[in-house]
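Observations on the model geometry
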Amino acid sequence: MERDELFALLDAFEIETPSWGYADTGTRFGKFLQPAAASTVEEKLQDAGVVHRYTGCCPSVAVHVLWDFKPGTDPQEVARLAEQNGVRIGSINPNLFQEQVYKFGSASSPNDGAREEATQHVLDCIEIGRATGSDWLSLWMADGTNYPGQDDIVARKRRMEDALKTWHDAMPENMTMLVEYKPFEPAFYHTDIADWGMAYLYSKKAGPRAKVLVDTGHHLQGTNIEQIVAWLLDEEMLGGFHFNDRKYADDDLTLGSIDPYAVFRIFHEIRNAAEEGGRDVSQIAYMIDQSHNLKPKIEAMIQTVTTAQELYLKACLVDRSKLRDAQSRMNIVDAEECLREAFNTNVKPLLHEWREKKGMDAEPLQAYRASGYEAQAGAEREAARKERGEVATGSYA
Ligand code: PSV
Ligand code: MN
């Protein structure tokens, strides 16, 4: 593939960062606070703007409605704030898992009140989407049960189908609904949207603007994620991704930190669908869903984005005519070598050239570190927290 073609593919490869990735988060055992962590939506958007400035490929920010839109927040004001920071509001994530009413689920709950509240919240989210100019409604529900016999599995499925159809039909024409699946957690016996097949079926029944969202951390050990991606692409049902990596479960580790070859294989299937299968892959929503408990948040985000770019570029380098030829000769070794050769190529020089051409620093992480942003944000945010009477976090040196 020619250099110009590769650069055009990189130009089109945009990755959304999550507002919650800039805030202090933890595990159920505790939280380790960072002075520079964002606590307000203003600070989150400011940090997202910084990541976009250094990487050049993160122009939108996913928002989690309960966490980012406190009662009385004007969504248009949030959209303006995003613009002032050089970014825009991306996917709108309703929160259907934190309120007490969702104890037995949201859309699938046997409790009429919970289902009504869930629908009202999603309708409010659709309005926030309209007001902020977002095209994406991204749904993840913690729905499920913890014990055999706790509830009727099929009745729950039907309640979910009804809700998704209602929500789908309430969306404006320009909006796409993303349906995310997860095999377990927080429900430990059965999850109402446990895998890609269930998300596919629900999406099909909801309507033409519902698609499946693949969170790379939401699979059981050994699942072949790239096959799921290839199938969804072939069925024109792949909506997008939540990028992260995992070793054991939903670990929220940095993309590619555990298995970069698996991420490369996902990108390979996407390029294969585009170049061999004639599929339109331009509308895939690439989003990060990581909460960095221990790493400095902006550094981790930049590391993730540049890793995604590297692995995507490697997948673009697969020699597809050579691969087709090897496959037609049924030569397994030659075919596999096409993938290995591309994966083992050092793409850093190409990425450096692309960034410099766009007037950016060749090494985003180093440039960000040299800017002193973190120390300054840390000092300012600590002072602001003190002023608001919140706990000051202290230095983490
Ligand atoms: C659930 O584990 C999830 O992947 C969903 O996408 C949520 O919106 C997000 O994490 C919250 O961090
Ligand atoms: Mn997710």
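Scroll up for the structure.
Being a predicted model, the structure only gives us computed values, none of them experimental.

Focus on the coordination of the manganese ion (ligand 2)
In the first shell of the manganese ion (ligand 2), the protein supplies Glu 180 (OE), Asp 215 (OD), His 242 (ND1) and Asp 289 (OD), at 2.2 Å from the metal. Metal-centred angles of 71 to 163° between the 6 donor atoms at the manganese ion (ligand 2) mark the site as octahedral.

Thoughts on the nonpolar core
In terms of nonpolar packing, the biggest core is built from 104 residues, with Trp 167, Met 177, Phe 241, Phe 267, Ile 270 and Tyr 286 touching the most fellow members. If near-sequence neighbours (up to four positions away) are discounted, Phe 267 is found in contact with Phe 13, Phe 243, Tyr 286, Ala 308, Leu 311, Tyr 312 and Ala 315. Leu 178, Leu 213, Ala 285 and Met 287 belong to the second-largest nonpolar core, a separate cluster that totals 5 residues.

Some words on the packing of helix α8 (residues 225-234) against helix α9 (residues 260-275)
Contact geometry of α8 with α9 gives a least axis separation of 8 Å together with a crossing angle of 20°. Considering the angle they form, α8 stands roughly parallel to α9. As for the relative orientation of α8 and α9, their crossing is right-handed in sense. For the pair α8 and α9, the contacting residues are Ile 225, Glu 226, Val 229, Ala 230 and Leu 233 in the first and Arg 265, Ile 266, Glu 269, Ile 270 and Ala 273 in the second. Per-class residue counts for the contact of α8 with α9 are 7 nonpolar, no polar and 3 charged.

Some thoughts on the pattern of salt bridges
Inspection of every chain in the model, using the stated rule, returns 30 salt bridges. The closest approach of N and O atoms between Arg 156 and Asp 192, which form a salt bridge, is 2.9 Å. In this pair, Arg 156 sits in helix α6 (residues 153-170) while Asp 192 sits in the loop between β9 (190-191) and α7 (196-206), placing the two residues 36 residues apart along the sequence. Asp 192 sits in the buried class, given a relative accessible area of 4%. The closest approach of N and O atoms between Arg 279 and Glu 236, which form a salt bridge, is 3.3 Å. Here Arg 279 is found in the loop between α9 and β12 (285-288), whereas its partner Glu 236 is found in the loop between α8 and β11 (238-243), with 43 residues between them in sequence. Given the relative accessible area of 25%, Arg 279 is considered partly exposed. Overlapping salt bridges, with partners in common, bring together Asp 151, Arg 156, Arg 159 and Asp 192 in one network.

Here we look at the pairing of β12
Side-chain alternation along β12 places Ala 285 and Met 287 on one buried face and Tyr 286 and Ile 288 on a second face that is also buried. Note: β11 against β12, 4 bridges, orientation parallel. Its bridge partner being in β12, Phe 241 is matched across the sheet by Tyr 286. Taken together, β11, α9 and β12 form a β-α-β motif whose crossover is right-handed.

Some thoughts on the site of ligand 1
Neighbouring residues of ligand 1: Trp 20, His 64, Trp 140, Glu 180, Lys 182, Asp 215, His 218, His 242, Asp 250 and Asp 289. In this structure, His 218 approaches ligand 1 through a side-chain N or O atom, which is 3.1 Å from an oxygen atom. In this structure, an oxygen atom belonging to ligand 1 sits 2.7 Å away from a side-chain N or O atom of Asp 289. Coverage of ligand 1 by the protein amounts to 88% of the 310 Å² it exposes when considered alone.

Rules of the game
One numbering rule holds for all chains: residues counted from 1, following each sequence as written. The order in which chains are written sets their letters, starting at A; the order in which ligands are written sets their numbers, starting at 1. Local features in this predicted model are restricted to residues of pLDDT 70 or higher, and side-chain atom pairs are both shown and tallied only at a pLDDT of 80 or more, whereas totals for entire chains, interfaces and linings draw on every residue. With hydrogens and water set aside, each side-chain value is computed from the structure's full complement of heavy atoms. As a rule, N, O and S atoms within 2.8 Å of a metal are its donors, except that Na, K and Ca use 3.2 Å; water is not among the atoms, so sites may look incomplete. In this scheme the shape depends on donor count and angles: four donors with every angle between 85 and 135 degrees give tetrahedral, four or six donors with opposite pairs above 155 degrees and others between 65 and 115 give square planar or octahedral in turn, and any other case is irregular. Take the buried residues of types Ala, Val, Leu, Ile, Met, Phe, Trp, Tyr and Cys, join any two whose side-chain atoms come within 4.5 Å, and each joined set is a nonpolar core. When accessible area is computed with a 1.4 Å probe and restricted to protein chains, residues below 20% of their type maximum are described as buried, those above 50% as exposed, and intermediate ones as partly exposed. Any two residues whose heavy atoms approach within 4.5 Å are treated as being in contact. Between the N-to-C directions of two axes lies an angle of 0 to 180 degrees, each axis being a line fitted to C-alpha atoms and, for a helix, fitted only over the stretch in contact. Under the DSSP-based scheme used, a helix requires at least four consecutive residues in state H or I and a strand at least two consecutive residues in state E, with every element numbered from the N terminus. These descriptions rest on fixed angle ranges, namely under 35 degrees for roughly parallel, over 145 for roughly antiparallel, 65 to 115 for roughly perpendicular, and the rest for oblique. Note on convention: near helix rotated counterclockwise from far helix by under a right angle means a left-handed crossing. Clockwise means right-handed. Ten residues, namely Ala, Val, Leu, Ile, Met, Phe, Trp, Tyr, Cys and Pro, are considered nonpolar, four, namely Asp, Glu, Lys and Arg, are considered charged, and the remaining ones, Gly among them, are considered polar. Any carboxyl oxygen of Asp or Glu that lies within 4 Å of a side-chain nitrogen of Lys or Arg is treated as forming a salt bridge with it. A pair of strands is considered paired only if DSSP assigns at least 2 bridges between the two. Orient the strands so they point away from the viewer, and a crossover whose first-strand-to-second-strand path over the helix runs clockwise is right-handed. In these notes, residues near a molecule or strand are those with any non-hydrogen atom within 4 Å of it. Definition of a polar contact: a pair of N or O atoms within 3.5 Å, with one able to donate and the other able to accept a hydrogen when the atoms are protein atoms, and with sequence-neighbouring residues admitted only if both atoms are side-chain atoms. Accessibility throughout is a Shrake-Rupley quantity obtained with a 1.4 Å probe, and a residue counts as covered only by protein chains that appear here.

Everything listed here is a matter of coordinates, which is why it stays silent on function.
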